[in-house]
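Commentary on secondary and tertiary structure
Given next are the chains, with one letter for each unit.
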Amino acid sequence: MRATWMVLGTLLVAGGVGYWKLRSSVPENGTTPPLERDTAPPKAEPPLIPAPPAPRAAVPLEPAALPPEEQRARELLRLMGEARAAQDLTKLAALESTLRQEVWDTVAARRHAVQSGMTLAQQAQALSGEARVKAQDRARRLISRGVFLAEVFDAAGRGTPDRQRLLDTLRGLNQQVLAYKPGLEGVTRPYVVPPGKVPVQIVQEEKLRTGHNALLQWNKGGNLDPRRLVAGETLLLPLGTLRVEVDIERRLLALFLDDVFVKEFRVGVGTPATPTPRGLFEVGKKQENPDWYPPQGGKIRAGDPRNELGTVWIHISNAEHPSGYGIHGTNKPESVGAACSQGCVRLANAEASEVYWWVRTAAGGGEATKVLIR
C-alpha cells in the first residue's frame, strides 16, 4: 500500500503542475474554488491510451486477499499495460471497455482513472478551443473518481497534501470547462438573462437539476450573491445533475455535478447513540431561519440561542426515514467535525446556507437533489 501511495502521490504532484498551468489562463476574478455509486455502466468513451502503465509496485499483488472484482480489475490493467507496450490499440480499447463495464467501481480502476485523468489534463494544454475543453472535461470526470480513495487520507481521516493538489486540479478544470463560451454540448448552454429575472426563477423555469449557486459559481467567479445578475448578460447554464454525498467516518459533505467533484464541507454527524442513517435520500422542503422541534418534544423558535438548527433546514427523506432527518446549520460551530448530533448532518451556518442554494427541491416540477449518506 505504501508503494501505491507513493506512486499516486507522484502523479498528483505532476497533476498539480498541470493545475497551475490551467489556472494561468483564468482571470484573477474568475477562479472557483464520495465516491459515486454508478447505477448503470458508464457511457462508451475512447480508450485512455495516453496513460502510461503504472509500475508493478503500484498494484501490490495479493490475489488471495483481494475480492474477486479487485483481482479482475488488476488483471485487466496488467493486460492493458502489455497491450500499450505492444502498441496494440485495438486490444487496448477492448480491454478499457471491459474494465469500464465490469469493474469500474473497484479501487484499482479508480486509481487507473486518476492516473489517466491527470495525464490527460496535462496533455490538454497542447490543444486549443473546443478540443482542449473536451479533453479537460474528460480529465475532470476521471480524476473525480479518486477523491475518496483511502490512500489520499491520513490515519485521522484528514485529506493529505496530495489530495489537496488533486482537488485544486479539479477546481481549475471545472473553471475551464464550465466557463467555456459558447458552451460545451451536454455540459452547459448559453442563456440570456431577461429583465427582472432572478436565479431561483431561472432554475425553476429552465428545469435545472441544481440550485442557483451552480449558476453563480462559474458565471460570477465564485461570487454567490444572487443580486449580481444583469439583464441582457449571457450565462452558461449547467446541465448536469447535482448530487450530495456524506461520508460519515471522514465527516465530509461533498457536492458532485454529474459525477464531477465541485467542493466539500466539514460536517458534524450523529452520535453513537443517535447515529446518522445511511442510504440514499432526497431533498424535501427547505427553510431559512427554521423553528426547531426537538425529538424530546416542544418547540424552540428561530433565533433562540437554544435552537440547534442554525440558519437553515434542508429536509431529507427516503421510504425508511420519511421524517426527522436533515442537513442544517448549528448554534454550536465548535461541534462541526464531531459525532455530535441526534442523527442529522450539521454544518457551520455560513456553509449550511451555501449548501442550501446548491441543492434544489422538486418545486415547480423540478428534480429534487439526491443525497447519498455512507
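The structure displayed is predicted, hence computed values, not measured ones.

Some details on the overall build of the protein
Across its full length, the protein holds nine helices and twelve strands. The buried share of the protein, reckoned over its 374 residues, is 51%. Carbon and sulfur atoms make up 55% of the accessible area of the protein, which totals about 16900 Å².

As for the confidence of the model for the protein
Per-residue pLDDT for the protein averages 87, and the proportion of residues at 70 or more is 83%. Confidence drops under pLDDT 50 across residues 1-44; counting only partners more than four residues distant or on other chains, this segment forms 97 contacts. Long-range and interchain partners of residues 46-61, a stretch whose pLDDT sits below 50, account for 37 contacts in this model, where long-range means more than four residues apart.

A word on the pairing of strand β8 (residues 312-317)
Among the six residues that make up β8, five are buried, leaving the element largely enclosed by the rest of the structure. Here five bridges tie strand β7 (residues 279-288) to β8, and the two strands are oriented antiparallel to one another. In the strand pairing of β8, Gln287 is matched with Trp313.

A few points about the packing of aromatic side chains
Throughout the structure, instances matching the rule amount to four aromatic pairs. A ring pair is formed by Phe148 and Phe153, whose centres lie 5.9 Å apart and whose planes are at 20°; its orientation type is stacked. According to the relative accessible area criterion, Phe153 is buried, its value standing at 9%. Centroid distance Phe256 to Phe261: 6.0 Å. Interplanar angle 85°. Geometry classified as edge-to-face.

Thoughts on empty space enclosed by the protein
Volume-wise, the largest cavity comes out at about 50 Å³. As for the largest cavity, its lining consists of Arg140, Arg141, Leu178, Gly186, Val187, Leu239, Gly240, Leu257 and Asp258. In terms of residue class, the lining of the largest cavity is made up of four nonpolar, two polar and three charged.

Observations concerning the packing of helix α2 (residues 68-85) against helix α3 (residues 89-103)
Two numbers describe how α2 lies on α3: the axes approach to 9 Å, and their chain directions differ by 165°. Relative to α3, the element α2 lies roughly antiparallel. Note that α2 runs across α3; the crossing there is left-handed. Residues Glu69, Arg72, Ala73, Leu76, Leu77, Leu79, Met80, Ala83 and Arg84 of α2 lie in contact with α3, whose contacting residues are Lys91, Leu92, Leu95, Glu96, Thr98, Leu99, Glu102 and Val103. Counted by class, the contact of α2 with α3 contains ten nonpolar, one polar and six charged residues.

Let's talk about the sheet that holds strand β4 (residues 252-257)
The strand order across the open sheet built from eight strands is β5-β4-β3-β12-β7-β8-β9-β11, with neighbouring strands paired in mixed fashion. In this open sheet, the two edge strands, each paired with only one partner strand, are β5 (260-266) and β11 (345-346). Summarising the sheet, β7 and strand β12 (residues 370-373) pair through four bridges and their orientation is antiparallel. By the bridge assignment for β12, Phe281 is matched with Val371. Set on the sheet, helix α9 (residues 349-356) makes contact with β4, β5, β7, β8 and β9 (326-328); between it and β8 the angle comes to about 55°.

What to know about unusual backbone geometry
Here the residue pair Lys181 and Pro182 is connected by a cis peptide bond, since its omega of 20° sits within 30 degrees of zero. Located in the positive-phi region is Asp258, a residue other than glycine, with phi close to 50°. With respect to the helices, strands and loops of the structure, Asp258 is situated in the loop between β4 and β5. Asp258 gets classed as partly exposed once you look at its relative accessible area, which sits at 29%. Even without being glycine, Asn289 reaches a positive phi, approximately 50°. Checked against the element boundaries, Asn289 lands in the loop between β7 and β8. Judged by its relative accessible area of 52%, Asn289 is exposed.

Let's talk about the environment of Pro275
Tracing the backbone through its elements, the reader meets Pro275 in the loop between β6 (269-270) and β7. Each C-alpha atom, one on Pro275 and one on Cys344, is 8.3 Å from the other, the two residues being 69 residues apart in sequence. When sequence neighbours within four positions are dropped, the list of residues in contact with Pro275 reads Gly270, Tyr325 and Gly343.

Comments concerning the packing of α2 against helix α4 (residues 107-123)
Closest axis-to-axis distance for the α2/α4 pair is 7 Å, and the angle between their directions is 40°. Contact residues: Glu70, Ala73, Arg74, Leu77, Met80 and Arg84 in α2; Val107, Ala108, Arg111 and His112 in α4. Counted by class, the contact of α2 with α4 contains five nonpolar, one polar and four charged residues.

Describing the nonpolar core
For soluble globular proteins, nonpolar side chains are generally found buried alongside one another. Core analysis: the largest hydrophobic core is formed by 36 residues, its most contacted members being Leu99, Val147, Phe148, Leu166, Leu170 and Phe261. When residues of this core are traced back to their parent elements, those giving at least two are α2, α3, α4, α5 (129-143), α6 (161-178) and β4. Sorting elements by how many residues they give to this core places α4 first, with seven residues. Excluding its chain neighbours within four sequence positions, the residues that come into contact with Phe261 are Ser144, Val147, Leu167, Leu170, Asn174, Ala254, Leu255 and Phe256. In terms of nonpolar packing, the next biggest core, distinct from the first, is built from 35 residues, Leu242, Leu257, Ile314 and Val345 among them.

A closer look at the environment of Gln217
The topology assignment puts Gln217 in helix α8 (residues 213-219). For Gln217, a relative accessible area of 2% puts it in the buried group. The spatial distance from the C-alpha of Gln217 to the C-alpha of Ala179 is 9.5 Å, given a sequence separation of 38 residues.

Cut-offs applied
Residues numbered from 1 in each chain as written. Predicted model: local features only at pLDDT ≥ 70, side-chain atom pairs only at ≥ 80, totals over all residues. Heavy atoms only, no water. Helix = DSSP H or I, 4+ residues; strand = E, 2+ residues; numbered from the N terminus. Buried < 20%, exposed > 50% of the residue type's maximum accessible area, 1.4 Å probe, protein only. Areas by Shrake-Rupley, 256 points an atom, 1.4 Å probe, with all protein chains shown as cover. pLDDT = per-residue confidence, 0-100. Contact = heavy atoms within 4.5 Å. Pairing = 2+ DSSP bridges. Phe/Tyr/Trp six-rings, centres within 6.5 Å; stacked < 30°, edge-to-face > 60°. 1 Å grid on protein atoms, 1.4 Å probe; cavity = no way out; pocket = protein on both sides within 12 Å on 5 of 7 lines; lining within 4 Å. Points joined across faces, edges and corners; volume = space filled by probe spheres on them. Nonpolar A, V, L, I, M, F, W, Y, C, P; charged D, E, K, R; others polar. Axes fitted to C-alpha atoms, helices over the stretch in contact; angles between N-to-C directions. Parallel < 35°, antiparallel > 145°, perpendicular 65-115°, else oblique. Left-handed = near helix turned anticlockwise from the far one by under 90°. Core = buried A, V, L, I, M, F, W, Y, C linked by side-chain atoms within 4.5 Å.

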